[in-house]
Amino acid sequence: MGKKTIHVSDFSGTVLQADDEMVRVVVLEHPDLVAGPVRLDATPAEVEQIDDAALDVAVVEIHDGLDGGEPRRVVLNASEFDSMATDVPMAQLLRTAERVKPPKARKSAEKIDYGTIEHAGKPHRGRVTEEEARLVREQLDEVNKRLADAGLRQIDPTDPDHATRYAFTQPA
């Protein structure tokens, strides 16, 4: 018995043939996106439609001390942002403005303990401790519910990688 993989466009539901080109679209931000970036498959023609619908936008951060001191990110039409510059054209203003260094990546102040029910089973690069593996085996339903609620992959004891990682016993 063999397996056959069928690729389908997430946008149109069109079944792609084996020789058809497939394009990956990663959605980074969207009002309905709740658990981080997602991947969608599309045809090249559908991606052209995305390019045709693209907007010229300005993405700005406003640092005004509101929202607990965190900056607010705002996306607006580039032409509307450009019209805010009344003394000199925005293009000139942007060329001569002070450069801002990107923020340094923050190191996690607290190391995550995957040996607790709160974090057990979350994907991570480190070694799975015996405590984490025990929690995953003994409380698999609870762990998978938490992972699903967070939009993360769930643990499948029949998956050979998961079975090895969390020491599930394999049926003979």
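Participant: How would you summarise unusual backbone geometry if you had to cite specific residues and measurements?
Facilitator: Phi is positive for A167, close to 55°, though the residue is something other than glycine. With respect to the helices and strands, the residue A167 is situated in the segment after α6 (160–165). Residue class for A167 comes out partly exposed when judged on its relative accessible area of 40%.

Participant: Can you tell me about helix α5 (residues 140–149), naming the residues and giving the values?
Facilitator: Those residues of α5 not exposed but buried are L140, V143, N144 and L147. Angularly, the buried residues of α5 cover 95° about the axis, an arc narrow enough to put them on a single face. Exposed side of α5, more than 90 degrees from the buried face: D141, K145 and D149 are the residues found there. Positive backbone phi, at 75°, marks G151, one or two positions downstream of α5.

Participant: Residues and numbers for the layout of surface pockets, please.
Facilitator: Approximately 270 Å³ is the volume found for the largest pocket. Of all the elements, strand β3 (residues 23–27) adds the most residues to the lining of the largest pocket, at three residues. In terms of residue class, the lining of the largest pocket is made up of eight nonpolar, one polar and one charged.

Participant: Lay out the pattern of salt bridges with the relevant residues and their values.
Facilitator: Inspection of every chain in the model, using the stated rule, returns eight salt bridges. Of the charged contacts, one joins R73 and E61 as a salt bridge, the two residues approaching to 3.9 Å between their closest N and O atoms. Here R73, found in strand β6 (residues 72–77), pairs with E61, found in strand β5 (residues 57–62); they are twelve residues apart in sequence, far enough to count as distant. Shared partners join several salt bridges into a network, and the residues in it are E29, E61 and R73.

Scoring rules and cut-offs
Residues numbered from 1 in each chain as written. Predicted model: local features only at pLDDT ≥ 70, side-chain atom pairs only at ≥ 80, totals over all residues. Heavy atoms only, no water. Helix = DSSP H or I, 4+ residues; strand = E, 2+ residues; numbered from the N terminus. Buried < 20%, exposed > 50% of the residue type's maximum accessible area, 1.4 Å probe, protein only. Arc of directions from axis to C-beta. 1 Å grid on protein atoms, 1.4 Å probe; cavity = no way out; pocket = protein on both sides within 12 Å on 5 of 7 lines; lining within 4 Å. Points joined across faces, edges and corners; volume = space filled by probe spheres on them. Nonpolar A, V, L, I, M, F, W, Y, C, P; charged D, E, K, R; others polar. Salt bridge = Lys/Arg side-chain N within 4 Å of Asp/Glu carboxyl O.

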